[in-house]
Amino acid sequence: MDEGAPAFRFNFAAPAPAPAAAAAAACACPSAGEARQETQNFDKHNSLLGYDDDAVLPPAPPPREVFPNEVAPFKPFTTDPVVCQGGFTLVKGRVSTSDIFGVAKTDLVPGKYEGGLKLWECTVDLINTLRREIKDGQLSFRGKRVLELGCGHGLPGILACLKGASTVHFQDFNAEVLRHLTIPNVEANLQQDQARSKQSGAVLAKAGQPAPDVHYYAGDWGDVYELLSTVGAVDNSDCSSEEDSAPVASTGSAEPENGPDTTRSAGHYNFGASALTSCSRRLSRSSRACEQGSDDAALEGGYDIILMSETVYSLVSLPKLYDLIKKCLKPPYGVLYVAAKKHYFGVGGGTRQFKYLVEEDGVLGAHLVTDFADGSSNVREIWKFFYRS
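Source: prediction; values computed, not measured.

Draft legend 1. Structural detail: helix H3 (residues 121-135). Counted at 1.5 Å a residue, the expected span for H3 with its 15 residues is 21 Å, and the 22 Å between its end C-alpha atoms agrees. Along H3, 13 of the 15 residues are buried, which leaves the element largely enclosed by surrounding structure. In the stretch just after H3, glycine 137 is the one whose phi turns positive, near 80°.

Shown next as structure tokens:
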């Protein structure tokens, strides 16, 4: 999207949740007094943001793919460390809403900006939970197709890249967020991982590990699937059901993976290049990305893992979000991770409302992985959703 072009629109009903006050593994929940103030602020600003019954927002342009050559930051890209549990560190970009959107100190502008330049509390919760499940042998990204919805900084998706995912797709409402934050953030973290591997002497071990196939998509949840479904469609004749026998090397992260796994040929992510190159790829049978398909299976069966953080705060947008998830999540073993607050004051959304919607539909089951309760009324939770047997 050209600079100055109209931004895309999400049907969120209220401002996004407060961002993390600091890049730390555990973020403090608001006090009861802060929660009451948050409710008052939401109520006060709902009409100002145009979310009353008479509000008319501009039409949303169609979704589109964003390429690395579209990165054009207003100033040199600077990063801050995000320290997670166990000494694991990622970096997050520091980008100003004033520079990108011409607005200062705001989380949401109707029809223009959906808070993607901020790092939200539950993102770090999700990263810590995913790493713990990897360490405990409950989760592996090896050879998996991963989608991060509402990515912003893209840290959970970046973790998937570092842990051997074959494909990682990043989606955000704003193309500007992808161009100025997500894409350079992915590059910064993978370069940091390469430097860390060089220091630890793991460069040769990682030489045979292909780069993940990475794509970026901007648009509304209601129609972005039309774009996602055209990506990665590989002719079945180019796909092999054969497993690679080469072991996967260490990613240089704090914890080891649980035993050797299979690897795959993949598309290449060329930093700063004019395009992302896709090619046929061999995946482990566990991910089964190359399936006998038809026109209805354009996603090669869908995504093995979908990641979301702080995306369920708007009650009115939940049906559209859930519909997208059902279209994208790969049956029968696809898994959805949702990190969010139990309830968002003044809005009506939250993890429990999303869970009720899922259970009423009856397609997916739900499991509460962990919660973060410290006496505050705004509890943070991590949920895992999966196909019912």
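Draft legend 2. Up close: the sheet that holds strand S10 (residues 380-387). Across the sheet, 8 strands lie side by side as S1-S6-S5-S4-S7-S8-S10-S9; this open sheet has mixed pairing. Strands with a single pairing partner mark the edges of an open sheet, and in this sheet they are strand S1 (64-66) and strand S9 (364-372). Each neighbouring strand pair of the sheet contributes to a mean axis angle of 20°, computed without reference to strand direction. Pairing of strand S8 (residues 335-341) with S10 involves 7 bridges; the strand directions are antiparallel. Residue tyrosine 337 lies in a different strand from S10, and its bridge partner there is lysine 384. Docked against the sheet, helix H5 (residues 175-200) engages S1, strand S5 (167-172) and strand S6 (213-218), running at close to 160° with respect to S6.

Draft legend 3. Up close: the confidence of the model for the chain. The predicted model of the chain has a mean per-residue pLDDT of 73, with 63% of residues at 70 or higher. Within the model, the stretch residues 34-54 combines pLDDT values under 50 with 32 contacts to residues more than four positions away or in other chains.

Draft legend 4. View of the pairing of S10. Counting buried residues in S10 gives 7 out of 8 residues, a clear majority hidden from the surface. With 8 bridges joining them, S9 and S10 adopt antiparallel strand pairing. Directly across from histidine 367, in S10, lies its bridge partner lysine 384.

Draft legend 5. View of unusual backbone geometry. Cis peptide bonds are those with omega within 30 degrees of zero, and the linkage from proline 331 to proline 332 qualifies with 0°. In this structure, glutamate 310 takes a positive phi of about 55° despite not being glycine. Relative to the helices and strands, glutamate 310 is located in the loop between strand S7 (305-309) and helix H8 (318-328).

Draft legend 6. Representation of the packing of aromatic side chains within the structure. All chains considered together, the criterion is met by 6 aromatic pairs. The interplanar angle of 90° and the centroid separation of 6.2 Å between the aromatic rings of tyrosine 322 and phenylalanine 354 together place this pair among those described as edge-to-face. A residue pair is termed long-range when its members are at least 10 positions apart, and tyrosine 322 in helix H8 and phenylalanine 354 in helix H9 (residues 351-361) qualify at 32 residues. The burial state of tyrosine 322 is the same as that of phenylalanine 354; both residues are buried.

Draft legend 7. Quick look at the pairing of strand S4 (residues 145-149). For S4, a buried count of 5 out of 5 residues is recorded, marking the element as mostly surrounded by other parts of the structure. Every second residue of S4 is oriented toward a common face, with Arg145, Leu147 and Leu149 on one face and Val146 and Glu148 on the other, all of them buried. When S4 meets S5, the two strands line up parallel, connected through 4 bridges. Considered in S5, the bridge of arginine 145 is made with threonine 167. With helix H4 (residues 155-162) bridging S4 and its parallel neighbour S5, the resulting β-α-β unit is right-handed. Inspection of the sheet shows S4 paired to S7 by 4 bridges, in the parallel sense. Following the sheet pairing, leucine 147 is matched in S7 by isoleucine 306.

Draft legend 8. Main features of the environment of threonine 167. The residue threonine 167 is located in strand S5 in this model. Owing to a relative accessible area of 0%, threonine 167 belongs among the buried residues under this scheme. With 45 residues separating them along the chain, threonine 167 and proline 212 place their C-alpha atoms 5.2 Å apart.

Draft legend 9. Broad picture of the packing of H4 against H5. Closest axis-to-axis distance for the H4/H5 pair is 10 Å, and the angle between their directions is 35°. Seen along the crossing, H4 lies across H5 with a hand that is right-handed. Touching Leu155, Ile158, Cys161 and Leu162 of H4 are Asn185, Val186, Asn189, Leu190 and Asp193, all from H5.

Draft legend 10. Quick peek at the side chain of threonine 351. Residue placement: threonine 351 occurs in helix H9. A polar contact is formed between the side chain of threonine 351 and the side chain of glutamate 381, at a distance of 2.5 Å. With sequence-adjacent residues up to four places away left out, threonine 351 is seen in contact with Val312, Ala340, Lys341, Lys342, Glu381 and Trp383.

Draft legend 11. Structural view of the environment of histidine 169. Within the secondary structure layout, histidine 169 lies in strand S5. Residues histidine 169 and leucine 149, 20 residues apart in the sequence, show an inter-C-alpha distance of 8.6 Å.

Draft legend 12. Representation of the packing of H3 against H4 in the model. One way to put it is that H3 packs onto H4 with a least axis distance of 9 Å and a crossing angle of 25°. On the basis of the axis angle, H3 is roughly parallel to H4. Considering the relative orientation of H3 and H4, their crossing is right-handed. Contact residues: Thr123, Leu126, Ile127, Leu130 and Arg131 in H3; Leu155, Pro156 and Leu159 in H4. In terms of residue class, the contact of H3 with H4 is built from 6 nonpolar, 1 polar and 1 charged.

Thresholds, definitions, all that
Residues numbered from 1 in each chain as written. Predicted model: local features only at pLDDT ≥ 70, side-chain atom pairs only at ≥ 80, totals over all residues. Heavy atoms only, no water. Helix = DSSP H or I, 4+ residues; strand = E, 2+ residues; numbered from the N terminus. Expected span 1.5 Å × (residues − 1). Buried < 20%, exposed > 50% of the residue type's maximum accessible area, 1.4 Å probe, protein only. Pairing = 2+ DSSP bridges. Axes fitted to C-alpha atoms, helices over the stretch in contact; angles between N-to-C directions. Contact = heavy atoms within 4.5 Å. pLDDT = per-residue confidence, 0-100. Phe/Tyr/Trp six-rings, centres within 6.5 Å; stacked < 30°, edge-to-face > 60°. Right-handed = clockwise from strand over helix to strand, strands pointing away. Left-handed = near helix turned anticlockwise from the far one by under 90°. Polar contact = N/O pair within 3.5 Å; in protein donor to acceptor, adjacent residues only side chain to side chain. Parallel < 35°, antiparallel > 145°, perpendicular 65-115°, else oblique. Nonpolar A, V, L, I, M, F, W, Y, C, P; charged D, E, K, R; others polar.

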